[in-house]
Amino acid sequence: MLQYVAGRCGGRCGKRGLQIVDRKYDVIVVGGGHAGAEAAAAAARLGTRVLLITPDLARIGQMSCNPAIGGIAKGVVAREVDALGGVMGRATDAARIHFRMLNRSKGPAVWGPRAQCDRTLYSLAVRRVLEELSTLDLFQDMVSDLVRRDDRIAGVRTRTGLEFRAPAVVITTGTFLRGRIHVGLGAGVDGGRAGEEASVELACALEGRELEVARFKTGTPPRIDGRSVDYGKLEEQPSEPGARFSAFVREEFPGERPCWITWTGKELRDIVQENLERSARFGGSIAGRGPRYCPSIEDKIVRFPDARGHQVFLEPEGLDTTELYVNGLSTSLPPEVQLRFLRSVPGLEQVRMTRSGYAIEYDYFLPHQLRHTLEVKSIDGLFFAGQINGTTGYEEAAGQGLVAGANAGLAALGEAPFILERDQAYIGVLIDDLVTKGVDEPYRLFTSRAEFRLLLRQDNALSRLGPVACERGLLSPSQTRVLEERLETEGRLIEWFRSTRLKPEQVNDALAEAGSSPLRTPARAVELLRRPEVSSDALIRAANASFVDEGWEEALLAVEVDLKYTGYVQRERDRAAALRARAAFRIPQDIVYEGLVTLSHEAREKLDQVRPATLAQASRVSGVSPADLQNLVMEIRKQGRVAPERFTGNMTVKQHRRTDRVSRET
């Protein structure tokens, strides 16, 4: 069980009055949101002593905005976090009240699982999963400063005067760093979330470390009383059966609720346009830039003035409440204007608003200041994860938190860092984009950002990342057993398709049902599977295969895609291998770019700012041309500083063997 650390300030909150808690830790995590929970859990699973400090223990894992996990690309990240031993998948399943697989009409490379959750049950599930970790302690307090020894982190100080020591600290403060909430015009009020205090002292302390800081903004929509909605005017969106987010633990689903769809119209557009000057965003109260792909209703009206309407989703907040989240109407307009435009929406003519929407502006630190481990380059032992890095979304935060927590734990143990490459995980794409490209608006993942999305599917997250997690110590013994069983099942399925010959009388009915031409002579199952219209499940059931175990359906989808699209998958693997070959050329971290006169001035400036570790990373830095890359290699070789190395990344022997087995399939 968790240890709850207690202590009192022995004096005023200055250096002389600080009370040193005699217990020291390997890793301290600041913040208990999605990034913080994953960071603390990852470090604890490695066996390190971890302390998670957050202002309110009752809000650990809170879903601050929409109570939903997943979506396009985001659903893959949630599954990747689970495959790496994380918390999010289990908590989602334990709180899931609505599920849909997005993009199902398209290819499996872009499918996106999405679950609507009971907000309260999700937070409780996160807390429950954390409490299973014996080396994780919790403490309720506000961190106000960092303890440093030379250029290394040494711990944190809290507002109550306590000092906690650790050689690694992960900061996951979300929107709390100098957070300011805006509703309508005016200066706004300090707050990291509605009803919660902002973290001002820590923001000042971090800025004082000579780190580059900027401001972003995000927003939330109003909530409404579902009892005041006319559902007869709405389109019902029922939940789909099936898929889980967690591969390791089969949590019991608590129940189901439908979602509902409606549309805005001309009346809402007119109300918003008439009141734009009263919006914090357009009235000048907010300077920070907001997310392009999750805009407020004011942004939508201004950017798309000719649109006939905008889709609105009414999503349940939980099983034991009638409150609905109005997805699609984020706003910082005054509450009375919000109620007016809500009542202009079909089905909401008599609606009662339970909470008004608001915008929040907060500090973030430019992510080019990070290594790919998410460690701050200028301060050894200090890691950032989540919105502090300029991202948006629970899933992006969780993925960063897991990587930062794992690397903090590994650093404390003196072990090699944990880095995911772009062909290994969407999490790798996310972190590489942040570090090499930076952000000028809140970053959100999309499938289009991944060059190897046929490899990075939601169905193969466990077989793709599980062996890596196992090798680095991120999986518990029970999780390792589940992984081994899954890999064994996939191997048996692959062998069955390769070796089984099906007779016409066995499969022609199934082929006819699928709209495929009948067999005249026996054929291998894998040959039939490559027909676009034929599914693996249909072939297995037609053959009355008896070897299948519990959970084989999840393994079957991953195997089906790999076998059905063997040529395309192999092409992606070849491209990924070429990228890894480029990544093998290491760039000295102390290289003086200013003296490389064969590079353009812009390239020298950008490379000096980012300081990429490999040629592959350098190629993704904005402003660096192919000619600059060639000249960079020439300059490094001229100096005799580095030679190409054989790159293996984090891929394990098991993973290589499975990859080879599928690649050899003909």
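Caption draft 1: Expanded view of the packing of aromatic side chains. Using the criterion set out here, one finds six aromatic pairs in the structure. Here F99 and F245 contribute two aromatic rings whose centre-to-centre distance is 6.3 Å and whose plane-to-plane angle is 75°, an arrangement assigned as edge-to-face. Linking F99 in strand β6 (residues 96–102) with F245 in the loop between β17 (235–237) and β18 (259–263), this pair joins segments that are 146 residues apart in sequence. Across the pair, exposure class does not vary: F99 and F245 are buried alike. Ring geometry for W496 versus F497: centroids 5.0 Å apart, planes at 90°, classification edge-to-face. For the residue pair W496 and F497, the accessibility class agrees, reading buried in each case. One Lys or Arg, R79, reaches over the ring of F245 and ends 5.2 Å from the middle of that ring. Stacked on the ring of F253, the Lys or Arg R96 has its end atom at 3.8 Å from the ring centre.

Caption draft 2: Quick look at the sheet that holds strand β13 (residues 180–182). With respect to topology, four strands assemble into an open sheet ordered β14-β13-β22-β15, the strand pairing being antiparallel. The open sheet terminates on both sides in strands that have one partner only, identified here as β14 (189–190) and β15 (213–220). Relative to β14, β13 runs antiparallel, the two sharing two bridges. The residue of β14 that forms the bridge with I181 is V189.

Caption draft 3: Just the sheet that holds strand β20 (residues 323–327), in detail. Strand order across the open sheet formed by six strands is β17-β18-β19-β20-β16-β21, with antiparallel pairing between neighbours. For this open sheet the edge positions go to β17 and β21 (353–355), each flanked by a neighbour on one side alone. Averaged over all pairs of adjacent strands, the angle between strand axes in this sheet comes to 35°, irrespective of strand direction. As paired strands, β17 and β18 are joined by three bridges and run antiparallel to one another. In the sheet register, Q237 faces β18, and the bridge partner there is C259. In the packing of helix α8 (residues 335–342) onto the sheet, the strands contacted are β16 (223–225), β20 and β21, and the crossing angle to β21 comes to about 135°.

Caption draft 4: Local environment of the pairing of strand β19 (residues 311–316). Alignment of β18 against β19, held across four bridges, turns out to be antiparallel. Considered in β19, the bridge of W260 is made with L314. Judged from the four bridges that link them, β19 and β20 form a sheet pairing that is antiparallel. Of the residues in β20, the one forming a bridge with L314 is V326. Taking the residues between adjacent antiparallel strands as the criterion, β19 and β20 are bridged by six residues.

Caption draft 5: Local environment of unusual backbone geometry. The phi angle at L374 is positive, at roughly 75°, despite the residue not being glycine. By the secondary structure assignment, L374 is in the loop between β22 (358–365) and β23 (382–384). The exposure class assigned to L374 is buried, which follows from its relative accessible area of 0%.

Caption draft 6: Quick peek at the pairing of strand β8 (residues 136–140). Counted residue by residue, β8 has four buried out of five residues, so it is predominantly covered. The pairing of strand β4 (residues 50–54) with β8 spans five bridges and is classified as parallel. Within the sheet, the bridge partner assigned to L52 lies in β8 and is L138.

Caption draft 7: Up close: the confidence of the model for the protein chain. For the protein chain, the average pLDDT comes to 88, and 90% of its residues sit at 70 or higher. In the predicted structure, residues 1–22 sits below a pLDDT of 50 and forms 52 contacts with residues beyond four places in sequence or in another chain. Throughout residues 643–666 the model reports pLDDT below 50, and contacts reaching past four residues in sequence, or to other chains, amount to 53 contacts.

Caption draft 8: Representation of the pattern of salt bridges within the structure. Tallied over the entire structure, the rule returns 53 salt bridges. We note a salt bridge from D299 to K217, for which the minimum N-O separation is 3.9 Å. One end of the pair, D299, is in helix α7 (residues 297–303); the other, K217, is in strand β15, and 82 residues separate them in sequence. One salt bridge connects D537 with R541, and the closest N-O pair in it is separated by 3.0 Å. Of this pair, D537 and R541 both sit in helix α15 (residues 536–542), separated by four residues, roughly a single helical turn. Salt bridges linked by common partners bring R422, D432, D433, K437, E451 and R620 together as one network.

Caption draft 9: Structural detail: the side chain of D93. Position of D93 relative to the elements: it lies in helix α3 (residues 88–95). At 4.3 Å, R244 is the nearest oppositely charged side chain to D93, a buried residue that forms no salt bridge. At 3.0 Å, the side chain of D93 forms a polar contact with the backbone nitrogen of F245. Discounting chain neighbours no more than four positions away, the residues touching D93 are R244, F245, S246, V249, E251, E252, F253 and P254.

Caption draft 10: Structural detail: helix α9 (residues 394–413). Helix length check: α9, at 20 residues, gives a terminal C-alpha distance of 28 Å against a target of 28 Å (1.5 Å per residue), a fit within 8%. The buried fraction of α9 is high, at 17 of 20 residues. Positive phi shows up at G414, right after α9, with a value of about 75°.

Caption draft 11: Geometry of the environment of Q589. Considering the arrangement of structural elements, one finds Q589 in the loop between α17 (566–583) and α18 (601–610). The class for Q589 is partly exposed, based on a relative accessible area of 44%. For the pair Q589 and D608, spaced 19 residues apart in the sequence, the C-alpha separation amounts to 9.7 Å. Aside from chain neighbours lying at most four places away, what touches Q589 is R611, P612 and A613. Within the local environment of Q589, its side chain forms a polar contact with the backbone oxygen of P612, the two atoms lying 3.0 Å apart.

Caption draft 12: Looking closely at helix α5 (residues 200–207). The set of residues buried in α5 consists of L202, A203, A205 and L206. The arc that holds the buried residues of α5, viewed along the axis, is 165°, so those residues lie on one side. Against the buried residues of α5 lie β3 (27–30), β9 (143–149), β12 (168–171), β22 and β23.

Caption draft 13: Expanded view of the packing of helix α11 (residues 461–471) against helix α12 (residues 477–499). Relative to each other, α11 and α12 sit at 140°, their axes nearing to 10 Å. With respect to α12, the axis of α11 lies oblique. Crossing angle aside, the handedness with which α11 passes α12 is left-handed. Touching L462, S463, G466, P467 and C470 of α11 are T480, L483, R486, L487 and E490, all from α12. By residue class, the composition of the contact of α11 with α12 is five nonpolar, three polar and two charged.

Conventions used here
- Residues numbered from 1 in each chain as written.
- Predicted model: local features only at pLDDT ≥ 70, side-chain atom pairs only at ≥ 80, totals over all residues.
- Heavy atoms only, no water.
- Phe/Tyr/Trp six-rings, centres within 6.5 Å; stacked < 30°, edge-to-face > 60°.
- Helix = DSSP H or I, 4+ residues; strand = E, 2+ residues; numbered from the N terminus.
- Buried < 20%, exposed > 50% of the residue type's maximum accessible area, 1.4 Å probe, protein only.
- Lys NZ or Arg CZ within 6 Å of the ring centre and 35° of its normal.
- Pairing = 2+ DSSP bridges.
- Axes fitted to C-alpha atoms, helices over the stretch in contact; angles between N-to-C directions.
- Contact = heavy atoms within 4.5 Å.
- pLDDT = per-residue confidence, 0-100.
- Salt bridge = Lys/Arg side-chain N within 4 Å of Asp/Glu carboxyl O.
- Lys, Arg positive; Asp, Glu negative; His and termini not counted.
- Polar contact = N/O pair within 3.5 Å; in protein donor to acceptor, adjacent residues only side chain to side chain.
- Expected span 1.5 Å × (residues − 1).
- Arc of directions from axis to C-beta.
- Parallel < 35°, antiparallel > 145°, perpendicular 65-115°, else oblique.
- Left-handed = near helix turned anticlockwise from the far one by under 90°.
- Nonpolar A, V, L, I, M, F, W, Y, C, P; charged D, E, K, R; others polar.

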